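Architecture and fold: a report
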Amino acid sequence: LRAAGIAFPDNRRLILANRARDGLFYTWFAPRLEWNADRSHRRMAWSQLRHPLVLYGFFTRTSARPEDVDAVVNANTAHYLGVGPETAPVVERLLDVLRRGEETESDKWYENPFAVWYFIARAIGGEAPEAADIIGRRLAAARPDNALDAALAACALMYCRQSPGEPAIEALIALQEPGGGWRRGAVYFGGRLRRPDGRFSPAHPDTPRWGSEELTTSYCVEALARWRDFEVR
């Protein structure tokens, strides 16, 4: 919206108020027992109590919990707010995920490592050389299974200021369907329960996954557009 010149209410203060004590961002805007000094956050979060059964059902019948802190959510928040003092704990958390190789254990809603690499690279790949180096090495050892993974890999490398190479781009183009789009792939899924040790329980076999031809195509078009600009530089 900002890039398109469309006005919208300032939400930075509200987002910054939705942080845990360690500086990481909660996944949900939800009422919690802890006191929040920001009045707008209190008003927004506690207004959900007007529908207590819906709130109770969401946080008990799904894998979501009010205290969830997920890596991809934090990466996207850092991407939106920018890398700086307010998001420094997020940067360190994302680096820790990469150092430990816990990409698939860092977020309830993303099990595809290519998606996790993409979002982390978009958030800090151009600002944190260590993150760029680790992501580059992981992608060099990974093999995309479909067009979505190939596009996410190419974009992640370019966010890290590394070239995916012309063969990777040609392979992505070769996967384009006659109608101009690319086949759908699952970007995120219905979540997993976090065990007391911090690891995730296996996802239920019937856990839904979400993606579409349009979403895959948007990532593929992004990869091609970034490649064009990358080559110009």
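Above this note sits the structure.
Note that the structure is predicted; figures quoted are calculated from it, not measured. (Residues numbered from 1 in each chain as written. Predicted model: local features only at pLDDT ≥ 70, side-chain atom pairs only at ≥ 80, totals over all residues. Heavy atoms only, no water.)

1. Points about the overall build of the protein
Rules: Helix numbering and strand numbering both begin at the N terminus, where a helix is a DSSP run of H or I of at least 4 residues and a strand a DSSP run of E of at least 2. When we talk radius of gyration, it's over C-alpha atoms, and the globule rule is simply 2.2 Å times the number of residues to the 0.38. Three labels apply to residues, based on accessible area from a 1.4 Å probe with only protein chains included: buried if under 20% of the type maximum, exposed if over 50%, partly exposed otherwise in between. Every residue pair with non-hydrogen atoms within 4.5 Å of one another is taken to be in contact. In short, Shrake-Rupley with a 1.4 Å probe defines the accessible areas, and a residue's cover is counted only from the protein chains shown. Counted as positive: Lys and Arg. Counted as negative: Asp and Glu. His and the chain ends are not counted at all. The atom standing in for a charge is NZ when the residue is Lys, CZ when it is Arg, CG when it is Asp and CD when it is Glu.
Assigned secondary structure in the protein consists of ten helices and two strands. Along the protein, helices (α) and strands (β) appear in the sequence α-α-α-α-α-α-α-α-α-β-β-α when read from the amino end. In summary, the protein has a C-alpha radius of gyration of 19 Å against a globular reference of 17 Å for 233 residues, a match within 12%. The dimensions of the protein, computed from C-alpha atoms along their principal axes, are 55 × 40 × 40 Å. Taking all 233 residues of the protein together, the buried fraction comes to 42%. Here the contacts in the protein between residues at least 6 apart in sequence split such that 68% fall between residues at least 24 apart. Of the roughly 13300 Å² of accessible surface on the protein, a fraction of 54% belongs to carbon and sulfur atoms. Across the protein, the 31 positively charged side chains and the 30 negatively charged ones have centroids separated by 7 Å.

2. Considerations on the packing of helix α7 (residues 129-141) against helix α8 (residues 147-159)
Here is the rule: Orientation is described by axes fitted as lines to C-alpha atoms, over the contacting stretch for helices, and by angles from 0 to 180 degrees between their N-to-C directions. Orientation categories follow fixed angle ranges, with anything under 35 degrees roughly parallel, anything over 145 roughly antiparallel, 65 to 115 roughly perpendicular, and all other angles oblique. Left-handed is the label given to a crossing in which the near helix is rotated counterclockwise from the far helix by less than a right angle, and right-handed is the label when the rotation is clockwise. Under the scheme applied, nonpolar residues are Ala, Val, Leu, Ile, Met, Phe, Trp, Tyr, Cys and Pro; charged residues are Asp, Glu, Lys and Arg; polar residues are all the others, including Gly.
At a minimum axis distance of 10 Å, the contact between α7 and α8 shows a crossing angle of 150 degrees. When the axes of α7 and α8 are compared, the pair comes out roughly antiparallel. Considering how the two elements wind past one another, α7 and α8 form a crossing that is left-handed. Between α7, through Ile135, Gly136 and Leu139, and α8, the contact on the second element is made entirely by Ala153, Ala156 and Leu157. When grouped by side-chain class, the residues that make up the contact of α7 with α8 number five nonpolar, one polar and no charged.

3. Describing the layout of surface pockets
Quick note on the threshold: Cavities and pockets are found on a 1 Å grid laid over the protein atoms alone: a cavity is a set of points where a 1.4 Å probe fits but cannot escape, a pocket is an open set with protein on both sides within 12 Å along at least five of seven lines, and a lining residue has an atom within 4 Å of such a point. Grid points are joined across faces, edges and corners, and a volume is the space filled by probe spheres set on the points.
Of the volumes computed, that of the largest pocket is approximately 440 Å³. Contributing to the lining of the largest pocket are 23 residues, with Trp28, Ser63, Trp109, Gly190 and Gly191 lying nearest its centre. If you list the elements that add at least two residues to the lining of the largest pocket, you get α3 (52-61) and α4 (71-81). Here the lining of the largest pocket is composed, by residue class, of eleven nonpolar, ten polar and two charged. In this structure, the second largest pocket is lined by 14 residues; those nearest its centre are Pro144, Ala150, Ala153, Ala154 and Ala168. Among the elements of the structure, α7, α8 and α9 (166-174) are those that each provide at least two residues to the lining of the second largest pocket. Its residues assigned to classes, the lining of the second largest pocket shows 13 nonpolar, one polar and no charged.

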